[in-house]
Amino acid sequence: MVPDPNYICSVEKPEDFDSFWEDVTKTLGNIDIDISCVLDDFRSTEDISVYEVFFNSLDNIRVSGWYAVPSKHSGKLPGLMLVPGYQSDPPIPREWAKKGYACLSVNPRGKVRSRSQFDPGYPGLLTYGIVDRNTYSYRGFYCDAWRGIDFLLDRDEVDSERIAVTGSSQGGGLTITTAAMRKEVKAAAAGAPYLCGYMDAIELTHTYPYEEINDYLRSNPGSRKRVEDTLSYFDGISFADRIKCPIIVNIGLQDNVCPPETGYALFNQIGSKNKKLYEYDGHGHEAGRYIHSRIVDEFLEEHLGQE
Amino acid sequence: MSKNRPSDFGSFWYTVGKELAEIPVAPEVESIPMRSTDFADLYGVRLSSIGPYRLFGYLSIPKGDGPFPVIYYVPKNASVLEIIPQGTSNEIRSRYITFSLACRGMRNSDSPYAAMYPGQLTDGLESHETYVYRGIVADTVRGADYIMTRPEVDKNRVAAWGNDNAILAAALHDSITHIVSTPAYLFDPIESLSKTDSYPLAEFGDYIRSNPSNSDMARSILEYFNLRWHAQSITANTLIMADHEDGIYSTETLSDLKELIPGEITLHGSERSSFKDGLFAENWITSEMFGKEVSPIVPEHWR
């Protein structure tokens, strides 16, 4: 099966997309972030200091994260936010700290350590509250990631002019929405982006997690129009034209989780003039990670390396 | 390599098995219509393991007349319980009974014990009695006990699929006929620490660094779980999915494991592509379960 690089997804950006998200971010901005950042001796090493982080997000949900920085450094550090996959447990980003970044690995609501107030479960998160844009799970979930940028901006050791975001799968989708909504992001690297072209993805592939939506529609066939309406506000493709920072995207042409067609459709809508797509034939959802991780390193070094 | 097989290895696991045998499985089965399709029905299953501790699993049964072969997705070192692994064609549920089990600490089996990730691998590592993985292995075996109670099961075709626990399931439960395993942290775990700072193996490194006075005890406890000492009990046909040549558990590292397993074994080195590796595993299990003339059921983009 050869994916069409000119594939166009069916999602249409709502006319009131910007005002919807402006209202959401305004509400978010009125919530005191109330950061807690406590050194975790158990997870720290001689070279890397690891902190357990908590902060407030939309609906006053307490969101957790792991923050890792080089123990010894001089001057300001580039800041990096690592955003997690759908069902993976957010990692402690010691590897990124080892490369010289002050790195926050954020655990949006419902994930381990962030699930005491909100926990739709897995499967479940992808369709929770999906009949209304104001109740959909990802309304808060996206905000949790965006608030991670506020955390980095709050840190004395982070250079606020050198902040990037990266992740793969759901992390790729969150990279897209974060780069679109936070002008402080100076570079973004998105892998195998999920949450892009939802309604096409559920036809192009029949694997979880997208299959959650097919399960939902089979049980709630009368809700299809409402589901489509809601998702149009959350689709990474609707966010893409807002991205202005340098960005790279990598996709696997045999991706069995996030169809490569949706990756192409996303990339073609990205507004940045400095964008590059890496297509990996012979690769699935890892999207050429073995080869591409070096490219991400070089890309981030190019855009964040110099103080 | 580790050379320290505990002298009471056999009695340690005999005791676990005896403890498990004294706890009834006591299954409670509930239909989940939302995740059922025109080719398979899905159920939520609650059952008991040692403690006693109630566990949760997802059981999918193909529509039509059985018996059907089984893929038992063994408990993971991760918080989320999936119905079938992410990226697997949902249609495999038309061909196999699938059963995925959350061990204690994972979502849906997290009351009263909710594990953290990282964290699960070192909880209670202070003593043999308190180490949580003893219970996790018992949970894994209990999952196989439950499967064998189902009348729809073809008892000649029962595969355990997952990471290290797939090997432990087959070593400790003789109903497992096939294994697909990607070892990640229990083959010579202490000796492997020097190769990586990455989790999950790094959990052991964190523990030993922070508890130097207990490091000898931790090392000795982990030997009971070392795949090296379980390998000789395996008679199932086995596929080991190794890392690529630079990885922690490369084919070179796992060649010892291959030699120790008396059953028929295939050792596959990663081609650094989830597509190629995944397709290899799907082809292997289909061939083993249905013969070489039957095609595997794979996701659209793998066709």
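See above for the structure.
Now for a look at the structure at hand. (Residues numbered from 1 in each chain as written. Chains lettered and ligands numbered in written order. Predicted model: local features only at pLDDT ≥ 70, side-chain atom pairs only at ≥ 80, totals over all residues.)

### Considerations on the sheet that holds strand 3 (residues 62-70) of chain A
All names here are of chain A. What counts, and what does not: Should DSSP find at least two bridges between two strands, the strands are regarded as paired. By the criteria applied, helices consist of DSSP H or I runs no shorter than four residues and strands consist of E runs no shorter than two, each listed in order from the N terminus. What counts as an axis is a line fitted to C-alpha atoms, over the stretch in contact for a helix, and the angles between N-to-C directions run from 0 to 180 degrees. Distance between backbone-placed C-beta atoms decides contact: two residues are in contact if it is within 7 Å.
Taken together, the nine strands give an open sheet; going across it, the order is 1-2-3-5-4-6-7-8-9, and neighbouring strands pair in mixed fashion. The open sheet has two free edges, formed respectively by strand 1 (36-39) and strand 9 (275-280), since each of these has just one partner strand. Neighbouring strand axes in the sheet, compared pairwise and without regard to direction, differ in orientation by 20 degrees on average. With six bridges connecting them, strand 8 (residues 247-252) and strand 9 associate as parallel partners. Looking at strand 9, one finds that Ile248 is bridged to Lys276. Where helix 3 (residues 137-154) meets the sheet, its contacts fall on strand 2 (48-56), strand 3, strand 4 (77-83), strand 5 (102-107), strand 6 (158-168) and strand 7 (185-191), and the angle it forms with strand 5 comes to roughly 150 degrees.

### Quick look at the interface of chain A and chain B
Applicable threshold: Classification convention: Asp, Glu, Lys, Arg as charged; Ala, Val, Leu, Ile, Met, Phe, Trp, Tyr, Cys, Pro as nonpolar; all other residues, Gly among them, as polar.
With 35 residues of chain A at the contact, the number on the chain B side is 34 residues. No other element matches the three residues that helix 6 (residues 211-219) of chain A contributes to the side of chain A that touches chain B. Of the residues assigned to the side of chain A that touches chain B, the class counts are 13 nonpolar, 13 polar and nine charged.

### Topic: unusual backbone geometry
Residue and element names in this part refer to chain A. For the bond from Tyr122 to Pro123, the omega torsion is -5 degrees, close enough to zero to count as cis. Looking at the element boundaries, Pro123 is found in the loop between strand 5 and helix 3. Looking along the chain, the bond that leaves Tyr208 and enters Pro209 is cis, with omega of 10 degrees. Position of Pro209 relative to the elements: it lies in the loop between helix 5 (198-204) and helix 6.

### With respect to the pairing of strand 6 of chain A
Residue and element names in this part refer to chain A. Definition in use: Here exposure depends only on C-beta density: within 10 Å of a residue's C-beta, 20 or more other C-beta atoms make it buried, 12 or fewer make it exposed, and intermediate numbers make it partly exposed, the C-beta atoms being placed from the backbone. We call a crossover right-handed when, viewed with both strands directed away from the observer, the connection leading from the first strand over the helix to the second proceeds clockwise.
With eight of 11 residues buried, strand 6 is to be regarded as a mostly interior element. Bridging between strand 4 and strand 6 involves six bridges; their strand directions are parallel. The partner of Leu80 across the bridge, within strand 6, is Ala164. Handedness of the strand 6-helix 4 (residues 170-181)-strand 7 crossover: right-handed.

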